[in-house]
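Tertiary structure, described
Read off the chains here:
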Amino acid sequence: TSRHTPPNGELQVGLNNLSPEAYPMTADESKGVEEGQTLGGPNPGIEKGSTAALLKDRTTAELLGGHGKISFTPSLEDRTPWLSKISFSFLNPLVSLAHEKMLWHHDLGQLGTEDHCNKIMERFDQCWEVERKKVVETLEKEGDAKGFSALLWSFYHMNSGQFLLSAALEVLTRGALFVTPFLLDFIIRFLEGKDEQGVWYGVILALLMGVCIAVSGVAENRMQAILSRISFNMQASIMGKIYTKYFQLSPDSMAKTGTGNVLNMIGEDTQRIFQLMPIVNFLWSAPLQMVAVLVLLLVLVGWAPALGAFGVLVVVLIVMRWSNDKMQVLENERAKLMDARVKLLTELIAGMKAVKLYAWEQPMKKAIEKERRKELTKILHIYLLRAMNVALFNMAPVLMSVAIFFIFVAQGNDLDPAVVFGTVALVNLIRAPLIILPILQTAYNSSTVSFTRIHDFLTLDERSVDPSSSTNAMTNDFSVILKGTFSWPYNAAKGEKKMDESNRLSSDNTEAEGAKELKMKKLEPTNSKKQGDGEKKGGFSVCVDISVKPKGLLQIVGPVGCGKSSILCALLGNMNEVIVADMKEQKEMTKGSAIRALHGTVAYVPQQPWVMNKTLRDNITFGNHFDQEWYDKVVWLCALGQDLKQLPQGDQTMIGEQGINLSGGQKQRVALARAIYANADVYLLDDPLSAVDQHVAAHIFFTTIQHHLKEKTVVLATHQVQFLRYASEVAVMTAGSVVATGPYEELKEKHLSEYSQVDQKDWLASGHTVDYNVAKEQEKKKNKQEENKEKDKGSTTPAAAAAAAVDSGDSAIEVKEEEGSKKGKGGEQEEGKEKMDEKPKYTPQGGLPLSLHLTYFRAAAPLWVMAVLLVIFIVTQLAILASDYWLAAWTGDFFDQGRTFYMVGYAVLAIIGAIIAFSRIALYAYAARNASKNIHDDSVDTMMDATMRFFDNTPMGNVTALFSRDQSMIDTFLPELYNVNLTLILMLVVSLLVVAVIVPWFFLVFIPLMALAWKIQKRSLPAVGNITLLNLMSLGPVFSYFQESMHGASVIRASKRVKQCVDEAESKIDTLNNAYYHSQLMIKWVDVRMDIFSALMVALCSLIVVLTKGRIGVELAALVLTFALSVGSILGFIVQIRAYMEMMLTAVLRCDMFKKNTPRERFTGNVSVDAHWPEKPSLDFEDVCFRYGDATDSKGPLVLQNLSLSVPAGKKTAIIGRTGAGKSSLANAILRVNELASGRIKIGGDPVHDIPLRALRERVSVIPQDPVLFTGTIRFNLDPFGTASEEHIWKTLRRVQLDKVVKEQPGGLSLESPVRENGSNFSIGQRQLFCVARALLTESKLLIMDEATASVDYATDARIQEVLRSEFKECTVLTIAHRIQTILDYDVIMALEKGRLAEFGNPKDLLKNPKSYFSELLTEEQKEERKQSDEKEAALEEEEKKKKTIVVRS
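Each chain has its residues counted from 1, running along the sequence as written. Per-residue local features are limited, in this predicted model, to residues with pLDDT of at least 70; the limit for side-chain atom pairs, both in listing and counting, is 80 or more; totals at the level of whole chains, interfaces and linings are taken over all residues. Calculation of side-chain values draws on the structure's entire complement of heavy atoms; hydrogens and water are dropped beforehand.

A look at the overall build of the chain
A run of H or I in DSSP counts as a helix once it spans at least four residues, and a run of E counts as a strand once it spans at least two, with each numbered from the N terminus. Across its full length, the chain holds 44 helices and 25 strands. For the chain, buried positions account for 64% of its 1450 residues. Relative accessibility under 20% of the residue-type maximum defines a buried residue, over 50% an exposed one, and the middle range a partly exposed one, all with a 1.4 Å probe and only protein chains included.

Below, the structure written as structure tokens:
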């Protein structure tokens, strides 16, 4: 038991999800889990005879990282007796277990079979199709129909039985409550002596009062449990359907939405509908309750007073309808504004490293604040309307009573206690629906908007083009065909594809056989402005005619932005057919005549690699059967052998979100390995060699692509023109058109002259084809040699070791520098989770901390303002109490005055109460708005100030959920719940005080009952708090997985793995639903006992009044009974609202944890610098040691070790070294991405750790490896501070040759032309050029380029290098380079090896020394290039001989 209890009995909660690793099982327990043992059974981790043994029928679960697929036994609720079900006693063992240990998902039991997400989805799909057809038929007949009604009716039909059962229980609940006013009337008549019955009669009436309250409470809690089940059924169906639909969207539909919008629907819109379900029965029962009250009033006081009450109620409902319409409009507008904000934040989180390196935190804050201000304006208006409704509904019963009694007395009737308090009891029955109406109104308005948005998304057009479904006769001879003109949708892109959202297809046809050939075509360039539909749509178009025979290798080349990647996307069905031109005659044909076909299975590797937050092995196998021998070969083919050795847990190492613990080259090779492991028929490779070192690129091309895939059909889009000569065919692209295709030699002079010149000069086309079996033998020999060399360290130079690595055909590749965040090979790995030293404590044994309320109140306003607001709330309730007491005084004539006196006094009190109630509206609305604003602002500030390590180790979904779902709860529901909850608590306190003052004997029973209630609450809190935490923990993994898989939709679709991902998503949804449902059941466990407590209190209070007949006045006795009845109903509402408060306060908890736990950067410095700093941009490294994570953590491995060197001002320095050598870490150390472990770095003589962080980053220009553009304008993406003139920006765009690209954009004559999400209307190469333009605009004296030209073609690279030579000739430049030919004219070469300085000097001097690292590497590569060229020529001669032999035999 103690092992499962957190330190000090408290559980630490941060933004990251807790996992079982925080409280690990013992070895014996783990073994029990593996063997399917049960808790309380043979598992030695649980003491025999403990409460846990009561759960022995529950098998333990396999928890994958705390939130994987969980195997359970059947649901306990479904097989429990009805008496236990209505009292929720089947949860007693769980309540007891929560006092002994932390509860995890496997402790909860399983959802019912029909409640699993896959079963829910099956039912929903059936209902959805039927209802959609009905809507279509209605539109055809009547021309009008509310589309979202199909969604509503689908939900109803899939849960119709549960809905009807809940409705029956609602009738029972309200019916039992409606009996109580009549019982009250009978008791009053008994006290007056009008009914000549004995005491037993009064006792029976008193007991019946308690029974009615108990029946009502039990029925309501069972109804709420059913509605909770319906809620998570709806949540599962909405989440699952949206997720599945995303993979089916057509290109046009994809252009209309985005990942941020879809996640917003899954998060916020689902939450809105989710919140409606617990109170959905009020939609029909509230009006019926009002009608029933009016009918009963008609019987009690006559038609005229009842009509007066009806008039007041009609006025209230009219105001409600008006405010409802206004709020509906405001909610729609707010939803759109929130979408824009969340979309911007999603992009910002994904590109946070760029924001920090550019020091753009302040302009990004302003951009978010701008969107938030618009949203807050709408929120304030909504708050004012809601607060007005609450005040109006709170005073409505009093105003109705005024109307009834005035008319009743005006008719000449005398008021007696039975009439007065019977009427008050009836009118108070309206109070419940009136109190819930503001919440119902809020939920209804929000859910209607959400239903509409979800319906609109689900009815978007789906993909209709499947390349694998083509039956064109030509596909019998070709593996790949693409003919026609294809265009991106206007919103999707102008240029390259939308990498994270593009729609891609694969095929699963049988393998085609044939020779390695390609149909040759020569096309004239097509002007994109003359392409008909393509111009109308405004999207980038490609005109292409390609036919690839089986076993062909087609390489596509062309300048940046010409459409190479678009060809691959067109093949996968991600682009629209436009107007296709006859490829021979250039005549226009009708739309739809385009051909795109793929024969066989497809493997796709995008230019931006996608990896999953799973083990490295799972990333490679990707759901395919694991074959060890094949897996080992794939690892070798993709040069991952050394990486696996150096990862802490080998291929079982968890890869962090977005591959944060892998380098760019490693991610690319993992993505390639996934494609190779799939053993597909057709491979579509989008420049997979750009992110790897050249010797690795050579190994991958010659050994993997050229040799291993020789029996496959490969289409390779590339900038690596040194490999063109080895292609079967080459396709040359210019401005969206394939201008020529054919063998390399035929195109070399006319179409490839520019590339061939680069090719002849380039010595990097190196590496030779190595047989896998030979490589294995070499690896064994190498391992033996290394073991021998361990005895004689230092005998081999770093250059010789590097050459040996190239000889082996493998790469000496290390874990990315970020791997320093791990504890080492044998250490425990932090799988994407941030460990924080200081964490606020959440104690499951005590529920959510009370300090959360203070956190919210402090955010709303100063505490003295909140105190004034509380006083206003109290005065409002006292005014209502005064009105009720005045009625008692009126019926008993306490003041011995006439009728007019009492009538005027009652009216004055009612008016005063109304004025006070309405006066709190403005103050409360502004306080709620301030709370929303301040909590959001604090979260944004925290995010901007957080360290990069936090973002590397925190799943994006968690942070996104904070600003979408959590913020939505704080904005929408929490203010309403606080308003209603405070009102109910004050009503309860006032009611108890009245009862206690008039009937002091009530304390004799009240105190023991309160002690019992307190004991029940205390017993339940650990379970309620613990399971609420599980519910909170389960949400993050769902968001993270959705976001991660949506970013990889291209690969998932092409690999035919949509079903696999949907199954995994459904598993995570099941985990979330299971935690939610059990949290609701635990709340009902408490509620039903509180309702029994309320029933006992009402019965005992009634008994006291009956047994003390004659000792207190009938008027006061009637007042006591009226308040006692209200205590029962109010207490039930308070418990129910408290449950919702707990759920909503988890949003405040997460925001508070985020603010307090997130590690922040140190922005201050001791040295002030001016705008011209540094005067002399020299760089000095003095014994620098650098690690990722906490610089004071001596356990983390150093990625830079004892580095000492000096770079003079104005020198161009190239940094070379293999992946993991520490190149990027050097740049990160300069820019203080992490603080140094030891040593100093000086710029111009000033230590960088003494310079204010933002000043440092603003004065150092950075061109990162991964280009980032944000939604906004071109000006904002180049100059967010607005300091550069328009002329200067246009001049800079011309210098990087982007001016024409910008002018082709919509509104391109202005710098205000839009940049779409993630810069999706520009190619990756063009985005990289924008980053170069940023550096030019900064005009700093120190420039750092981190492999900045890897994604551009050689010609563009040469132009960029020329710009750098001319524009930065006076600057100090540090370049991390893949392409060695671009740095041969640099002043200094810096070679790094395993974080140490291997070599430093002028390239010419280094080349003079044949034993230097640089010289040996160059010599070895040239040797390999010559060897490969000879082998290629020999292979071509052999092939020619075979062809001649075939001709002779024919």
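Some details on the pairing of strand β24 (residues 1388-1393)
Most of β24 sits out of view: 6 of its 6 residues are buried. With burial as the criterion, each face of β24 is covered, one bearing V1388, M1390 and L1392 and the other bearing I1389, A1391 and E1393. Two strands pair if DSSP finds at least two bridges between them. Note: strand β16 (residues 1212-1216) against β24, 4 bridges, orientation parallel. Of the residues in β24, the one forming a bridge with T1213 is V1388. Where β24 meets strand β25 (residues 1396-1401), 5 bridges bridge the pair, whose relative direction is antiparallel. Its bridge partner lying in β25, A1391 is registered against E1399. Counted between consecutive antiparallel strands, the loop separating β24 from β25 contains 2 residues, among which K1394 sits at a positive phi close to 55°.

Examining helix α18 (residues 628-637)
For α18, the full list of buried residues reads W630, Y631, V634, V635, W636 and L637. N-capping of α18 is provided by D627, with a side-chain oxygen placed 3.1 Å from the backbone N of E629. In the analysis that follows, any N or O atom pair within 3.5 Å is treated as a polar contact, provided that within protein one partner can donate a hydrogen and the other can accept it, and provided that, for residues neighboring in sequence, both atoms belong to side chains.

Quick word on the sheet that holds strand β15 (residues 1200-1207)
Read from one edge of the open sheet, 4 strands run β15-β14-β17-β18, paired in antiparallel fashion. The strands lining the two open edges of the sheet, one partner per strand, are β15 and β18 (1246-1247). Where helix α36 (residues 1223-1230) meets the sheet, it contacts β14 (1179-1186), β15 and β17 (1238-1243), and its direction lies at approximately 110° from that of β14. In what follows, residue pairs with any heavy atoms lying within 4.5 Å of each other are defined as contacts. Note on geometry: axes are C-alpha line fits, over the in-contact stretch for helices, and angles between N-to-C directions span 0 to 180 degrees.

A word on a nonpolar patch on the surface
On the surface, L172, W200, I204, L208, V211 and V215 cluster together into a nonpolar patch covering about 530 Å² of accessible area. Element by element, the count of residues in the nonpolar patch is highest for helix α7 (residues 199-246), at 5 residues. Summarising the element assignment, V211 is placed in helix α7. Relative accessible area serves as the criterion here: at 45%, V211 is assigned to the partly exposed category. To count toward a patch, a residue needs a relative accessible area above 30% and no salt bridge. Like charges then connect within 9 Å, nonpolar side chains (Val, Leu, Ile, Met, Phe, Trp, Tyr) within 5 Å. Here, Shrake-Rupley sampling with a 1.4 Å probe gives the accessible areas, and only protein chains in the shown set may cover a residue. Take a side-chain nitrogen of Lys or Arg and a carboxyl oxygen of Asp or Glu: if they are within 4 Å of each other, that pair is a salt bridge.

Describing the packing of aromatic side chains
Centre distance within 6.5 Å is the pairing criterion for rings of Phe, Tyr and Trp, where only the six-membered ring of Trp is used; planes under 30 degrees apart are then read as stacked, over 60 as edge-to-face, and the remainder as tilted. Counted under the stated rule, the structure contains 34 aromatic pairs. Taken together, a centroid distance of 4.9 Å and an interplanar angle of 35° make the contact between Y358 and W360 tilted. Judged by its relative accessible area of 5%, W360 is buried. With a centroid separation of 4.4 Å and an interplanar angle of 15°, the aromatic rings of F701 and F723 are classed as stacked. Here F701, found in helix α21 (residues 694-707), pairs with F723, found in the loop between β10 (713-717) and β11 (729-734); they are 22 residues apart in sequence, far enough to count as distant.

Considerations on the nonpolar core
For this analysis, a nonpolar core means a set of buried residues of the types Ala, Val, Leu, Ile, Met, Phe, Trp, Tyr and Cys, connected via side-chain atoms within 4.5 Å. In terms of nonpolar packing, the biggest core is built from 361 residues, with L348, M943 and F1042 touching the most fellow members. Setting aside residues no more than four positions away along its own chain, M943 makes contact with L345, L348, I349, M352, I368, F951, V959, F963 and F1154. Membership of the second largest hydrophobic core comes to 43 residues, among which are V635, I676, L709 and V714.

Side note on the side chain of T615
Residue placement: T615 occurs in the loop between β8 (602-605) and α17 (616-621). Within the structure, T615 has its side chain in polar contact with the side chain of D618 (distance 3.0 Å). If sequence neighbours within four positions are ignored, T615 has contacts with D651, Q652, T653, M654 and I655.

Considerations on the sheet that holds β24
Taking strand neighbours across the sheet as the criterion, the 6 strands line up as β19-β22-β23-β16-β24-β25 in an open arrangement whose pairing is mixed. Edge positions in the sheet fall to β19 (1261-1263) and β25, since each has one partner strand and no second. This sheet shows a mean twist of 15° between the axes of neighbouring strands, independent of strand direction. Note: strand β22 (residues 1342-1346) against strand β23 (residues 1372-1376), 5 bridges, orientation parallel. What sits directly across from M1345, in β23, is T1375. Lying on the sheet, helix α41 (residues 1324-1338) is in contact with β19 and β22; it crosses β19 at an angle near 170°.

Re helix α20 (residues 664-677)
Think of an α-helix as turning once every 3.6 residues; residues three or four places apart then point the same way. When the terminal C-alpha atoms of α20 are compared, their 20 Å separation across 14 residues agrees well with the 20 Å that a helix rising 1.5 Å per residue should span. Among the 14 residues that make up α20, 13 are buried, leaving the element largely enclosed by the rest of the structure. Positioned one or two residues after α20, N679 has a phi angle of 50°, which is positive. In this analysis, the expected span of each helix is defined as 1.5 Å times one less than the number of residues it contains.

Thoughts on the confidence of the model for the chain
Confidence scores per residue from the predictor, reported as pLDDT, run from 0 to 100. Per-residue confidence for the chain averages 75 on the pLDDT scale, and 77% of its residues sit at or above 70. By mean pLDDT, the top-scoring element of the chain is α17 (91), and the lowest-scoring one is strand β3 (residues 518-519) (32). Segment residues 580-592: pLDDT under 50, and 27 contacts once partners within four positions in sequence are set aside and those in other chains are kept. Residue range residues 789-846 is modelled with pLDDT below 50. Its contacts to residues more than four positions away, or to other chains, number 159 contacts.

Examining the pattern of salt bridges
Inspection of every chain in the model, using the stated rule, returns 40 salt bridges. Measuring nitrogen to oxygen at the nearest pair gives 2.9 Å for the salt bridge that ties K933 to D937. Highlighted residues: K933 and D937, both in helix α28 (residues 899-945), separated by 4 residues, approximately one helical turn. On the accessibility criterion, K933 (28% relative accessible area) is partly exposed. By relative accessible area, D937 is classed as buried at 17%. The salt bridge involving D938 is made with K1155; its shortest N-O contact spans 3.3 Å. One end of the pair, D938, is in helix α28; the other, K1155, is in helix α35 (residues 1114-1157), and 217 residues separate them in sequence. Shared partners join several salt bridges into a network, and the residues in it are K356, E361, D945, R1160, E1161, R1254 and R1257.

Digging into the pairing of β8
Here β8 shows no split at all, with V602 and Y604 on one side and A603 and V605 on the other all buried. Judged from the 4 bridges that link them, β8 and strand β9 (residues 682-686) form a sheet pairing that is parallel. Paired with V605 across the strands is L685, a residue of β9.

Brief notes about the environment of F963
Among the secondary structure elements, F963 is positioned in helix α30 (residues 956-972). Placed 184 residues apart in sequence, F963 and A1147 show a C-alpha to C-alpha distance of 9.9 Å. For F963, the residues in contact, after removing those within four places along its chain, are R341, V342, L345, H936, S939, V940, M943 and F1154.

Brief notes about the packing of α30 against helix α32 (residues 1002-1047)
As a packed pair, α30 and α32 sit with axes 8 Å apart at the nearest point and diverge in direction by 110°. When the interaxial angle is binned, α30 and α32 end up roughly perpendicular. Both α30 and α32 take part in a crossing whose hand is right-handed. Across the interface between the two elements, M956, G957, N958, T960, A961, S964 and R965 from α30 touch L1035, G1036, F1039, S1040, Q1043 and H1047 from α32. For the contact of α30 with α32, the class distribution of residues is 4 nonpolar, 8 polar and 1 charged. Every angle not falling under 35 degrees, over 145, or within 65 to 115 is termed oblique; those three ranges are roughly parallel, roughly antiparallel and roughly perpendicular. Take the far helix as your reference; a near helix turned counterclockwise from it by less than a right angle gives a left-handed crossing, and one turned clockwise gives a right-handed crossing. Under the scheme applied, nonpolar residues are Ala, Val, Leu, Ile, Met, Phe, Trp, Tyr, Cys and Pro; charged residues are Asp, Glu, Lys and Arg; polar residues are all the others, including Gly.

Side note on the environment of S1102
With respect to the element layout, S1102 can be found in helix α34 (residues 1058-1107). Overall, the relative accessible area of 1% leaves S1102 in the buried class. Along the backbone, S1102 and L207 are 895 residues apart, and their C-alpha atoms lie at a distance of 7.9 Å. Not counting the four nearest positions on each side in its chain, S1102 is found in contact with A206, M209 and L1121.

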